There are 2 protein chains.
Amino acid sequence: MVVTEERLARAYLLRVAEPPARALAAFAAEVGPIAAAKAVRAGKCPQSVADETAARRDNDRAESDLEAGERDGARLIIPEDDEWPAWPLLCLDVAGRRGLQSGAPPLALWARGAARLDKAAEAAVAIVGSRAASGYGENVAGEFAFGLARRELSVISGAAFGIDGAAHRGALAAGGVTVALLGCSLDAGYPSGHTILLGKIAEQRGLVVSEYPPGTRPARHRFLVRNRLIAALTEGTVVVEAGRRSGARNTANTAMALGKLVMAVPGPISSATSAGCHDLIRNSAATLVASVDDVIDIVGKLGTATAERLWPKRRTDGLEQDALRVHEALQRRQGKSAEQIATESGVPVPRVRALLPALELEGLVQCDESGWQQRRVVGRTQESA
Amino acid sequence: MVVTEERLARAYLLRVAEPPARALAAFAAEVGPIAAAKAVRAGKCPQSVADETAARRDNDRAESDLEAGERDGARLIIPEDDEWPAWPLLCLDVAGRRGLQSGAPPLALWARGAARLDKAAEAAVAIVGSRAASGYGENVAGEFAFGLARRELSVISGAAFGIDGAAHRGALAAGGVTVALLGCSLDAGYPSGHTILLGKIAEQRGLVVSEYPPGTRPARHRFLVRNRLIAALTEGTVVVEAGRRSGARNTANTAMALGKLVMAVPGPISSATSAGCHDLIRNSAATLVASVDDVIDIVGKLGTATAERLWPKRRTDGLEQDALRVHEALQRRQGKSAEQIATESGVPVPRVRALLPALELEGLVQCDESGWQQRRVVGRTQESA
C-alpha cells in the first residue's frame, strides 16, 4: 500500500464521519479527497458536511491508522486505486440522488486478503440469512456457495454465524473467491468465533472488507449500514433463511432499493427460520430459488459481465489450444475472413479453415456475408450444448 | 331421487359420450336433455354431436343405471335439480366458448353422500398433490384441510393416496364438508385402499361425486378430465406437494385456465415432491401459501360468496341469541327502523334499541338516513376486530 496524500486524506475522512455519510461522500467526490479533508479539518465546509463531521473532525489519526493497517496486513482501498469497485458502487450514488437512506458510497474501504476487490465484485452473488439458522439452512447456504464459486462467481456475505458463515465456508471449499463484509473494523475481532474463518478467507482467494476505521466496535446500526455494501457489490442477493424480523430481510430490501435481484430459498412451512423467505416470495419481493441453477438462471439473465463470464467461459472450456485462439480472434458483430483470423491468432490458414466449421457445429461461431463471427450465447439451454 | 324423463335422458347421455363431451353438452343445453337424447338415439343430431356419440349411442341403460344407483345409495344430480352447482360450473361453459380443452360442463353428476352439492361448492377449496407424498406433505395437507373445514370451507380433492387422502381425512377430522371427485364410476371401488375413507365421506357431511356412469373403470385420461371439475367447483386450488410431472400440476393449470386461484405450498428444496410446487411459484403460476391463514387471505380476497361466508359468520359467532336475530333481520343495502327490526326478529323494541348500538360498536351494523343496515365486512383485518 503506497501512502499517498489521497490515501491519508481518505483515511482521515473515513474516521471523521459515521457511515453512511452522504454529504461528506458527495463533497469528497466533488472537490477531491485532499481538499475535502482540508475543508473539514478547518471547519470550512458546507453545513451538511459540517453536521456529519462535527463530533469527530479533530480526530486525525490517518497516519497511525495506515501504519496499523499495514502491520495487520490490511490495505486502504480508495476510489483513486485501480482496485476500487467503481461500477458496482455506482448504484449507491444513484440511490443517493434519489434520496434513499442507503444511498451513500463508502469514502474508502479497508481490506485484507489476496483477492482484488474490483475483480471479486465483477460477478458476485450475496448469500445471507439468519444467525440462528437450521441445519437445513446451513446445508443449503454451503451448497449454493460451493456451486456458485465453482461457476466462478464470488460469494459475498456478512461473516455472521449461521447462514453467512456457511456461505463463506462453502465458497472456500470450492476454492472460490469469497468476500466477508464486516459491520465493525477489521481489527475488532468479531465475531470472535469466526477469527479462524476470517483468517482463511484472507489467506486463500478471498477478502475481508470494512468501511470502519481501526478500533470500531460492532453495533446493530453498523450491520444495517454494511448491508448496503453487500447489496451494491453483488448482482443479486440470495436469502437462505430468515425469520420474520431477520436482518437478512434488511439486506434484501436494500438490494431491491438498489435495483439488484433478490432471491429467497423456500423451506418447510413449519420452520420459523423460513418464514421470512416465504413472506418475501409471497409478496413478490424475491424470486424463489431452489437450486444453484436457478440462481445462475436469474443472475445470468441480467446480461451483464456476469453472463459474459458464465456462459462463454464454460462453453469454450473444453476447446483445444488452436480452437481457443481462433475463437478469441473473432468478434461478436464484425465478421472476419479465415486469412484475417489466421493473422490475428497465429494459427495457419488451412488449420483455421478446418476449425471454423467445427466451432460452428458447437454453436460457438457463425458466418454471414461479412465473414466469421463469435456467436452470442444467450440463456442456459445453450450452455449444456 | 325422483326418476323423471329428464333424469332418464341425462343418464342415457352420460353413458353415450366420453367426457368431456363439449358438443353434446352444448346440444343438451340448447334443445334440452329429452330432445337431445331422442336426437342422439335416432342419429339425427349435429355432426359434432354424432361424432362424440357414434360409438355408444345404442348403449341405452338409463333405467338400469338409475336403479343400480338407487340400490347403492347414489343419486344422479342433473342441471334441472336445485342441487346442481350451476354457478361454479358456469366457468366451464365460458372456457368452452373460448375453445379451451377443459371447457365442457358435465351432463349430470353421480353423487353419494349427505351433503348438497350446490351448498358444498358455495365456498370450497381444492387441496391436491402427489400420490407419492412425503410425511411432511401429508401433514400439511391434513392441517390445511382441518383448518379450512373449521372455517366452514368445503375441501374438495380427488380421493387418491397421499395428499388427496390426507386432505379428505383432515376435513373429516374437523367435522367439515369434504367432496371426493373420482376419475371412475362410484361403483368402481377405486382406489381400493380408500373404500373405507370414501364410505366415511359419504356418511358424514361429505359427498363422493363422479360424472362416469356405473361400471366405468379408472384411467389416466379420466383423472385429467375429472381435474376440471375439481377446479371448477372450488374458488382455488392448493397444491401441497407435486413432483415435476405430477397430475396435481395439471389440476393447477386447469384451475388457472378456468380463472381460479392457484396456490402452492413450499417445502425443503431437497425434496423431489416439492419441486413441482417450487416451479409453480417461481413461474408465478401459483401464489406461495405457508398457512391456513394465507389460503383464507387469498381466497377471501375474491369477494365472492366465500368472503361473505368467511367473515360475517365468524364475526357473529359470539353473539347471543337476540343480537343474532336482530342482526339477521337487517339487510345490506336497505335501512330499517327499530320497529321494523322488532317485527321481523321477534325481539321487543326496547331490546332492539339497546342491541343496535352494541352491534354498531362491534362493527356489524351501521345506521344512515334510511335506517339500520348490516355492515359489509371486507378483508381479514376487520375479522380480528
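Residues numbered from 1 in each chain as written. Chains lettered and ligands numbered in written order. Predicted model: local features only at pLDDT ≥ 70, side-chain atom pairs only at ≥ 80, totals over all residues. Heavy atoms only, no water.

### Quick notes on the sheet that holds strand S3 (residues 124-128) of chain B
Residues and elements named next belong to chain B. To be explicit about the condition: Here, strands pair whenever DSSP counts at least two bridges between them. Under the DSSP-based scheme used, a helix requires at least four consecutive residues in state H or I and a strand at least two consecutive residues in state E, with every element numbered from the N terminus. Two residues qualify as a contact provided that any one of their heavy atoms is within 4.5 Å of a heavy atom in the partner residue. Note on method: axes are straight lines fitted to C-alpha atoms, helices fitted across the in-contact stretch only, with angles between N-to-C directions ranging 0 to 180 degrees.
The sheet built from nine strands is open, its strands ordered S1-S2-S6-S5-S4-S3-S7-S8-S9 with mixed pairing. The open sheet has two free edges, formed respectively by strand S1 (75-77) and strand S9 (287-288), since each of these has just one partner strand. The sheet contact formed by S3 and strand S7 (residues 236-239) spans four bridges and is parallel. When the sheet's bridge partners are listed, Val128 is paired in S7 with Val239. Strand contacts of helix H12 (residues 247-257): S3, S7 and strand S8 (261-264), with the helix running at about 155 degrees to S7, the strand carrying the most contacts.

### Details of the interface of chain B and chain A
Formally: What gets called buried area is simply the loss in accessible area from a 1.4 Å probe that two parts show on being joined, summed for both. By salt bridge we mean one thing: a side-chain nitrogen of Lys or Arg within 4 Å of a carboxyl oxygen of Asp or Glu.
Counting residues at the interface gives 17 residues for chain B and 17 residues for chain A. Of the roughly 1,300 Å² buried at the junction of chain B and chain A (both faces included), carbon and sulfur atoms supply 73%. The three residues of chain B that bury the most area against chain A are Ile269, Arg282 and Leu288 of chain B, which together make up 47% of that side's buried surface. Where chain B touches chain A, the interface holds two salt bridges. Between Asp294 of chain B and Arg282 of chain A there is a salt bridge, and its shortest N-O distance comes to 2.3 Å.

### With respect to a nonpolar patch on the surface
Residue and element names in this part refer to chain A. Let me state the cut-off plainly: To count toward a patch, a residue needs a relative accessible area above 30% and no salt bridge. Like charges then connect within 9 Å, nonpolar side chains (Val, Leu, Ile, Met, Phe, Trp, Tyr) within 5 Å. Per-residue accessibility takes into account occlusion by the displayed protein chains alone, with areas from the Shrake-Rupley method and a 1.4 Å probe. Note on exposure labels: buried denotes an accessible area under 20% of the residue type's maximum, exposed denotes more than 50%, and partly exposed covers the range between, all computed with a 1.4 Å probe on protein chains only.
A grouping of Trp87, Leu90 and Val94 is seen on the molecular surface, where their side chains present a nonpolar patch of about 340 Å² in accessible area. In this structure, Val94 sits in helix H6 (residues 86-97). Residue Val94 is classed as partly exposed on the basis of its relative accessible area of 39%.

### Details of the confidence of the model for chain A
To be explicit about the condition: Per residue, pLDDT captures the predictor's confidence, and it can take any value from 0 to 100.
The pLDDT averaged across chain A works out to 89; a share of 93% of its residues lies at or above 70. Within the model, the stretch residues 378-385 of chain A combines pLDDT values under 50 with 14 contacts to residues more than four positions away or in other chains.

### Quick look at the relation of the copies chain B and chain A
Our working definition: Residues reaching a pLDDT of at least 70 in both copies supply the C-alpha atoms on which the copies are superposed by least squares.
When chain B is fitted to chain A, the best match, at an RMSD of 0.7 Å, comes from turning it 178 degrees and sliding it 0.3 Å along the axis. The superposition operator between the copies reduces to a two-fold rotation axis. Taking C-alpha positions as the reference, the residue of chain B nearest the rotation axis is Gly267 of chain B, at 2.4 Å. Take the interface residues of chain B: 100% of them recur as interface residues in chain A, which is what a same-surface contact looks like.

### Remarks on unusual backbone geometry
Residue and element names in this part refer to chain A. Tyr190 connects to Pro191 through a cis peptide bond whose omega is -10 degrees. Assignment of secondary structure puts Pro191 in the loop between strand S5 (178-181) and helix H10 (195-203). With a phi angle near 60 degrees, Ser284 is a residue other than glycine that sits in the positive phi range. Turning to its location among the elements, Ser284 is positioned in the loop between helix H13 (275-282) and strand S9 (287-288).

### Focus: the environment of Gly129 of chain A
All names here are of chain A. Within the secondary structure, Gly129 is located in the loop between strand S3 (124-128) and helix H8 (135-150). Put simply, Gly129 and Thr251 are 122 residues apart on the chain and 9.1 Å apart in space, counted from C-alpha to C-alpha. What Gly129 contacts, discounting residues up to four positions off in sequence, is Ile163, Asp164, Glu241 and Ala248.

### Some details on the domain arrangement of chain A
A common way to report how large an interface is uses the accessible area buried once the components associate. For the record, the criterion: Segmentation of the chain into domains, including their bounds, is taken from an automatic or database domain assignment.
As far as domains go, chain A holds domain 1 (108-306) and domain 2 (316-374). One C-alpha centre belongs to domain 1 of chain A, the other to domain 2 of chain A; they are set 40 Å apart.

### Here's the deal with the UniProt feature "domain: Smf/DprA SLOG" (unreviewed entry) in chain A
In plain terms, the rule: UniProt positions are given in the numbering used here, feature names are shortened, and annotations may be inferred rather than shown by experiment.
The UniProt entry lists residues 76-297 of chain A under the feature "domain: Smf/DprA SLOG" (unreviewed entry), expressed in the numbering used here. For residues 76-297 of chain A, the helix share is 41%, the strand share is 15%, and the end-to-end C-alpha distance is 35 Å.

### So, the packing of helix H9 (residues 163-173) of chain A against H10 of chain A
Residue and element names in this part refer to chain A. Short version of the rule: Take the far helix as the reference: if the near one is turned anticlockwise from it by less than a right angle, the crossing is left-handed, and if turned clockwise, right-handed. Each residue gets one label: Ala, Val, Leu, Ile, Met, Phe, Trp, Tyr, Cys and Pro are nonpolar, Asp, Glu, Lys and Arg are charged, and the others, such as Gly, are polar.
Following both chains from N to C, one finds H9 and H10 inclined at 40 degrees, their axes separated by 11 Å at the closest point. Read as a crossing pair, H9 and H10 show a hand that is left-handed. Contact residues: H9 offers Gly165, His168, Arg169 and Leu172, while H10 offers Leu197, Lys200 and Ile201. Here the residues of the contact of H9 with H10 sort into three nonpolar, two polar and two charged.

### Considerations on the pattern of salt bridges
Throughout the structure, instances matching the rule amount to 34 salt bridges over all chains. The closest approach of N and O atoms between Arg10 of chain A and Glu80 of chain A, which form a salt bridge, is 3.0 Å. Placement of Arg10 of chain A in helix H1 (residues 5-16) and of Glu80 of chain A in the loop between strand S1 (75-77) and H6 is noted, with a sequence separation of 70 residues between them. For Glu80 of chain A, a relative accessible area of 37% puts it in the partly exposed group. Arg222 of chain A is paired through a salt bridge with Glu18 of chain A; the nearest N and O atoms lie 2.8 Å apart. Of this pair, Arg222 of chain A sits in helix H11 (residues 220-232) while Glu18 of chain A is found in the loop between H1 and helix H2 (22-31), placing the two residues 204 residues apart along the sequence. In this structure Arg222 of chain A comes out as buried when scored by relative accessible area, which is 12%. Within this structure, Arg244, Asp279 and Arg282 of chain A together with Asp294 of chain B form a network of salt bridges that share partners.

### Re the nonpolar core
The cut-off we apply is this: Residues belong to a common nonpolar core when they are buried Ala, Val, Leu, Ile, Met, Phe, Trp, Tyr or Cys residues joined through side-chain atoms within 4.5 Å.
The biggest cluster of nonpolar side chains holds 112 residues, and the ones touching the most others in it are Ile127, Phe144 and Val238 of chain B. Sort the elements by how many residues they give to this core and helix H8 (residues 135-150) of chain B lands first, with seven residues. Sequence-distant contacts of Phe144 of chain B, defined by excluding residues within four places in its chain, comprise Ile269 of chain A together with Ile127, Val238, Val265, Val289, Ala290, Ser291, Val292 and Val295 of chain B.

### Observations concerning the side chain of Asp65 of chain A
Mapped onto the secondary structure, Asp65 of chain A falls in helix H5 (residues 62-71). Excluding anything up to four places from it in sequence, Asp65 of chain A contacts Ala11, Arg15, Trp110, Pro213 and Pro214 of chain A.

### Some points on the environment of Thr287 of chain B
Assignment of secondary structure puts Thr287 of chain B in strand S9. Look at Thr287 of chain B and you get partly exposed, because its relative accessible area is 31%. Put simply, Thr287 of chain B and Ile298 of chain B are 11 residues apart on the chain and 8.7 Å apart in space, counted from C-alpha to C-alpha. The contact partners of Thr287 of chain B, leaving out residues within four places of it in the chain, are Arg282 of chain A together with Val262, Met263, Ala264 and Ile298 of chain B.

### Considering the sheet that holds strand S7 (residues 236-239) of chain A
Residue and element names in this part refer to chain A. Across the sheet, which stays open at both edges, the nine strands sit in the order S1-S2-S6-S5-S4-S3-S7-S8-S9 with mixed pairing between neighbours. Both edges of this open sheet fall to S1 and S9, since each of them pairs with a single strand only. Note that S5 and strand S6 (residues 207-210) share three bridges and pair parallel. Bridging across to S6, Val179 finds its partner in Leu207.

### Regarding the pairing of S5 of chain A
Regular strands place side chains that alternate from one sheet face to the opposite one. All names here are of chain A. Which entries qualify depends on this criterion: Think of it like this: strands point away, you trace from the first strand over the helix to the second, and a clockwise trace means the crossover is right-handed.
Burial along S5 is two-sided: Thr178 and Ala180 facing one way and Val179 and Leu181 facing the other are all buried. With H9 bridging strand S4 (residues 154-157) and its parallel neighbour S5, the resulting β-α-β unit is right-handed. Between the parallel pair S5 and S6, the chain is carried across by H10, and the sense of this crossover is right-handed.

### Side note on the pairing of strand S2 (residues 109-112) of chain A
All names here are of chain A. Alignment of S1 against S2, held across three bridges, turns out to be antiparallel. Looking across to S2, one finds that Ile77 is bridged to Leu109. Relative to S6, S2 runs antiparallel, the two being bridged by three bridges. The residue bridging Ala111 from the neighbouring strand is Val209, located in S6.

### Thoughts on helix H16 (residues 321-329) of chain A
Residues and elements named next belong to chain A. The line we're drawing: The directions considered for the arc run from the helix axis to the C-beta atoms.
The set of residues buried in H16 consists of Asp322, Ala323, Val326, His327 and Ala329. Mapping the buried residues of H16 onto a view down its axis gives an arc of 165 degrees, with all of them on the same face. What points out from H16, more than 90 degrees from its buried face, is the exposed set Gln321 and Glu328. Where H16 is buried, its residues contact helix H17 (338-345), helix H18 (349-361), strand S10 (365-368) and strand S11 (371-374).

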